[in-house]
Amino acid sequence: MNKNFISAIFTTLMFLFLFVGIADSENKIGDWTLVQKKSLSLQPDITHYKWEVSLPPYAKHDKIGLHRLINESVKSKGAVFLFPGTHDSGFKVISDEFIENIISSIDKHSNDPEKKEIANDVYKELKTIPDRLTTRFLAANGYDVYTMDYRTFYISPETPSEETAFMKEWGWDFFVSDAKMAIDEAKKISGYKKLFLGGQSFGGMLTMNYASRYWQDDLKGLIILDGGNGGKYRLR
């Protein structure tokens, strides 16, 4: 076989492998996957969506989640993105699963005479959740509501401290960058060019950091829900 022909085939194959490798690398960043779509048990007219995306350097915890609550039978009044607090997550402030876990825990004590009264009181409180959880209240009143799971959500609580050294680089630039990806996707899904942005505790500080950088591009308004003033985690 002609050497020039073989060389040409080899060069073409190398180019294709390189091109596919670059394309795969590019698609990984920002390639969101829908992982859940379901109606809320306490508010069946509201649908809960969740997407996830893997991010560099692609360890098992290098992903973020985007949650959405919306009543698709009514005209949206606007889009609201709420950042969760330090020990919260989008999962906690939106999902039925978190509430169902509480109910399961209550059921374990429902036959215990000493705890039965407490269990009944908690059941009564659960019925008020649509009016007490900000995310669900806003969705019930016509807003397209978003929140996110930080990368910290994907780190097991059982992880030994000596295996968490990688988190030392997770400063404000890191969280703001991840937040930007989630907000850009929320804008794309909702169709709104600008969102109302807010958060509680750590989420309030993230809101202010984010707003200081992207207020012209992304913000319709700010909703600071008990946002921290920085403390030892100073604002930028």
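Quick caveat, the model's predicted, so the values are computed rather than measured. (Residues numbered from 1 in each chain as written. Predicted model: local features only at pLDDT ≥ 70, side-chain atom pairs only at ≥ 80, totals over all residues. Heavy atoms only, no water.)

### Quick look at the packing of aromatic side chains
Part 1 of the argument: Enumeration over the complete set of coordinates arrives at 13 aromatic pairs.
Part 2 of the argument: With 5.3 Å between their ring centres and 70° between their planes, Phe175 and Phe202 make a pair best called edge-to-face. With Phe175 in helix α7 (residues 172–190) and Phe202 in helix α8 (residues 202–218), this pair connects stretches of sequence that are 27 residues apart. Each member of the pair, Phe175 together with Phe202, is buried.
Part 3 of the argument: Cluster of aromatic residues (ring-pair linked, three or more members): Tyr150, Phe166, Trp170, Trp172, Phe174, Phe175 and Phe202.
Part 4 of the argument: Taking NZ or CZ as reference, Arg68 lies 5.7 Å from the ring centre of Tyr49, over its face.
Part 5 of the argument: Just above the ring of Tyr214 sits the side chain of Lys180; from NZ or CZ to the centre is 4.5 Å. (Phe/Tyr/Trp six-rings, centres within 6.5 Å; stacked < 30°, edge-to-face > 60°. Helix = DSSP H or I, 4+ residues; strand = E, 2+ residues; numbered from the N terminus. Buried < 20%, exposed > 50% of the residue type's maximum accessible area, 1.4 Å probe, protein only. Lys NZ or Arg CZ within 6 Å of the ring centre and 35° of its normal.)

### Concerning the confidence of the model for the chain
Part 1 of the argument: For the chain, per-residue confidence averages 82 on the pLDDT scale, and residues scoring 70 or more make up 80% of the total.
Part 2 of the argument: Per-element averaging of pLDDT across the chain places helix α1 (residues 3–28) at the bottom with 43 and strand β5 (residues 144–149) at the top with 98.
Part 3 of the argument: Per-residue pLDDT stays below 50 along residues 8–29; that stretch engages in eight contacts with residues further than four places along the chain or on separate chains.
Part 4 of the argument: Predicted confidence is poor over residues 231–236, with pLDDT under 50, and the contacts of this stretch with residues over four places away or in other chains come to ten contacts. (pLDDT = per-residue confidence, 0-100. Contact = heavy atoms within 4.5 Å.)

### A few points about the pairing of β5
Side-chain positions along a regular strand alternate between the two faces of the sheet.
Part 1 of the argument: Extensive coverage of β5 is indicated by the burial of six of its six residues.
Part 2 of the argument: Burial along β5 is two-sided: the residues Asp144, Tyr146 and Met148 and Val145, Thr147 and Asp149 are all buried.
Part 3 of the argument: In the sheet, strand β3 (residues 63–70) pairs with β5 via five bridges, with the strands oriented antiparallel. Opposite Arg68, over in β5, you have Tyr146 as the bridge partner. (Pairing = 2+ DSSP bridges.)

### Quick look at the pattern of salt bridges
Part 1 of the argument: Under the definition given, this model contains eleven salt bridges.
Part 2 of the argument: For Asp218, the salt bridge is made with Lys187, and the minimal N-O distance between the two is 2.6 Å. Of this pair, Asp218 sits in helix α8 while Lys187 sits in helix α7; the two residues are 31 residues apart in sequence, bridging distant segments of the chain.
Part 3 of the argument: According to the relative accessible area criterion, Lys187 is buried, its value standing at 19%.
Part 4 of the argument: If you follow the salt bridges from partner to partner, you end up with Lys50, Glu52, Lys63 and Asp149 in one network. (Salt bridge = Lys/Arg side-chain N within 4 Å of Asp/Glu carboxyl O.)

### Side note on the layout of surface pockets
Part 1 of the argument: Here the largest pocket defines a volume of roughly 550 Å³.
Part 2 of the argument: Lining the largest pocket are 17 residues, with Thr86, His87, Thr152, Phe175 and Phe202 sitting closest to its centre.
Part 3 of the argument: Elements represented by at least two residues in the lining of the largest pocket include exactly α2 (90–94), α7 and α8.
Part 4 of the argument: Each residue belonging to the lining of the largest pocket can be placed in one class, and the counts come to ten nonpolar, five polar and two charged.
Part 5 of the argument: Looking at the second largest pocket, its volume works out to about 450 Å³. (1 Å grid on protein atoms, 1.4 Å probe; cavity = no way out; pocket = protein on both sides within 12 Å on 5 of 7 lines; lining within 4 Å. Points joined across faces, edges and corners; volume = space filled by probe spheres on them. Nonpolar A, V, L, I, M, F, W, Y, C, P; charged D, E, K, R; others polar.)

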